[in-house]
Amino acid sequence: MSMPFYVSPEQIIKDKADYARKGIARGRSVIVQQFDQGILFVAENPSRALHKISEIYDRIGFAAVGKYNEFENLRVAGVRLADMRGYSYDRRDVSGRSLANAYAQTLGTIFTETPKPYEVEIVVAEVGAVADDDQLYRLTFDGSVADEQGYVAMGGSAETISQSLSTQWHEGMTLMECLRLAVDLLGRFGGEGERVLGANELEVAVLDRTRPRRTFSRIARPRLAELLA
Amino acid sequence: MSFEFRALPAAFLAPRSASFADFLASTAPASLPQRTSAGDQPLHAAHGTTIVALRGDFGAVMAGDRRATMGNVIAQRDIEKVFAADDHSMIGIAGTAGIAVELVRLFQVELEHYEKIEGVPLSLDGKANRLASLLRGNLGLAMQGLSVVPLFAGYDIDRGRGRIYSYDVTGGRYEEHDFYAVGSGAFFARGSLKKLYRADASVDLAVTTALEALYDAADDDSATAGPDMARRIFPIVGVATTDGVRLLDESEVESRVAPLIAARMTRPNGPFAGMPEGGSSS
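Read on for an overview of the structure. None of the values given here were measured: they were computed from a predicted structure.

So, on to a nonpolar patch on the surface. A surface patch of nonpolar side chains, about 340 Å² in accessible area, is lined by A:Phe5, A:Val7 and A:Ile12. Its place among the elements puts A:Ile12 in helix 1 (residues 9–25).

Okay, structure coming up:
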């Protein structure tokens, strides 16, 4: 009779976490920053069709790194949840906080109950009427939620980028300042050696608090090329 | 249904079509406006009345009066029956107001939902077809007398022009050539549009034509309201062009309605359609 090996719960969790971290570290980075008029998302993403940044609802945006099919699944679920909520109650009743909670519960359940955890890290950002009301939630593969202030970096080079952001980002920066900073940091730390990223390697979008109703808008590549020139 | 602090139900994570209405039908069918039965007693419910739309190279114009009636009573003086469906299309509604307003809300979410899930908006024909299938779900209630008849118009980005779609209660979808009207005053509005419509009209002229047609509808149909100068209640007017949909604000509509009423003081039947001397057949 063969005896199954005993593996301690600590070891199982650790193995799963290592597995998820490795998967996430392989991906290109995403930076989410607050600027004076809203929230800016910048991702290194050469694909035109497979987005890392998306609109969830009027004031809520979504950014993710890791395995595409997994975060796409979460994104679609988030859009469904938000639209369902807004349709059942009112558009104002859809909040980033409740969406972040739903994601946290979902990721936590998947992490503990399935053999393979999701290899994703996501940010749920909600733009407020004023900068003080802006919210940035960072969610990791095990369902942990962190309420971030000002900026978040995710992906392979998240740590070095976060360190630079902590000294270079400050409140009240303009869109252009934030965009230049993000593109510079992604180019410097996001890959092998220093690179200069062009519009074709970037995906950029904003939640603009000055827009009525749907605040999310993408900065299309031709326009982005003009801005970066 | 409460969503707070719960993991997303499996249905939210399951692969499915990009239709919000289909998602709602499978996860929360009671939320759909059409899944209720009115019983077999005739119901007294508010009815919305006349909507007109016309198209041109610039795009499309849609206008609706502000009256809702319940039998011989005016149920509401300032109901809104013309809405932006999304960035480039508009929907106007006639018929049972409660169901119609809910249908519009569902349709708006349906279009936005598709756009968010798929990353691109539906084509104008796609939007028109979705509206037809939502409407088909209301057939049961329509048979009980609670019908909704929408009018859909928008700017077709692919074709570079405005287009108009009309519907019947069974969800039949028909594209109209130049102009159309729905609701109780539709016959009078259509008669007016037939004489006043010009294919080469500017946006300004098209808006005025729509307002004239609504005035003519109100002139002969008791369920359609004319401009209410005393209360400053004016028709809702929407314009869809390549730049998107814009609903005119109240002062803009007022500035167009005022000269129209002034002209009707001398010619109560409205502008002369301009038949040549000696008849048109000569």
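From this point, the narrative continues.
Residue and element names in this part refer to chain B. Ordered by their spatial adjacency, five strands build an open sheet running 11-2-3-12-13, and the pairing between neighbours is antiparallel. Here the strands that pair on one side only, and so sit at the sheet edges, are strand 11 (179–182) and strand 13 (244–247). Averaged over all pairs of adjacent strands, the angle between their axes in this sheet comes to 15 degrees, without regard to strand direction. Its contacts with the sheet place helix 6 (residues 186–196) against strand 2 (51–56) and strand 11, and it is angled at close to 165 degrees to strand 11.

Each partner contributes to the interface: chain B provides 31 residues, whereas chain A provides 30 residues. Carbon and sulfur atoms make up 57% of the area that chain B and chain A hide from each other, which totals about 2700 Å². At the junction of chain B and chain A, the tally comes to four salt bridges. Between B:Glu112 and A:Arg91 there is a salt bridge; the shortest N-O distance is 2.8 Å. Taken together, the elements giving at least two residues each to the side of chain B that touches chain A come down to helix 1 (10–13), helix 2 (20–27) and helix 3 (97–118) of chain B. Per-element tally for the side of chain B that touches chain A: the top contributor is helix 3 of chain B, with nine residues.

Turning next to the packing of aromatic side chains. Two numbers describe a pair of aromatic rings. These are the distance of the centres and the angle of the planes. Evaluated as defined, the whole model comprises ten aromatic pairs over all chains. Summarising the aromatic geometry, the rings of B:Phe179 and B:Tyr197 are spaced 5.4 Å apart at their centres and angled 50 degrees between planes, so their arrangement reads as tilted. With B:Phe179 in strand 11 and B:Tyr197 in the loop between helix 6 and helix 7 (203–220), the pair connects residues that are 18 residues apart, well separated along the chain. Using a relative accessible area of 13% as the deciding quantity, one classes B:Tyr197 as buried. One aromatic cluster is present, formed by B:Phe107, B:Phe152 and B:Tyr165 through successive ring pairs. Lying over the aromatic face of A:Phe111, A:Lys16 brings its terminal NZ or CZ to 5.7 Å of the ring centre.

The rules behind each value
- Residues numbered from 1 in each chain as written.
- Chains lettered and ligands numbered in written order.
- Predicted model: local features only at pLDDT ≥ 70, side-chain atom pairs only at ≥ 80, totals over all residues.
- Heavy atoms only, no water.
- Patch = residues over 30% accessible without salt bridge, like charges linked within 9 Å, V, L, I, M, F, W, Y side chains within 5 Å.
- Areas by Shrake-Rupley, 256 points an atom, 1.4 Å probe, with all protein chains shown as cover.
- Salt bridge = Lys/Arg side-chain N within 4 Å of Asp/Glu carboxyl O.
- Helix = DSSP H or I, 4+ residues; strand = E, 2+ residues; numbered from the N terminus.
- Pairing = 2+ DSSP bridges.
- Axes fitted to C-alpha atoms, helices over the stretch in contact; angles between N-to-C directions.
- Contact = heavy atoms within 4.5 Å.
- Buried area = accessible area lost by both parts, 1.4 Å probe.
- Phe/Tyr/Trp six-rings, centres within 6.5 Å; stacked < 30°, edge-to-face > 60°.
- Buried < 20%, exposed > 50% of the residue type's maximum accessible area, 1.4 Å probe, protein only.
- Lys NZ or Arg CZ within 6 Å of the ring centre and 35° of its normal.

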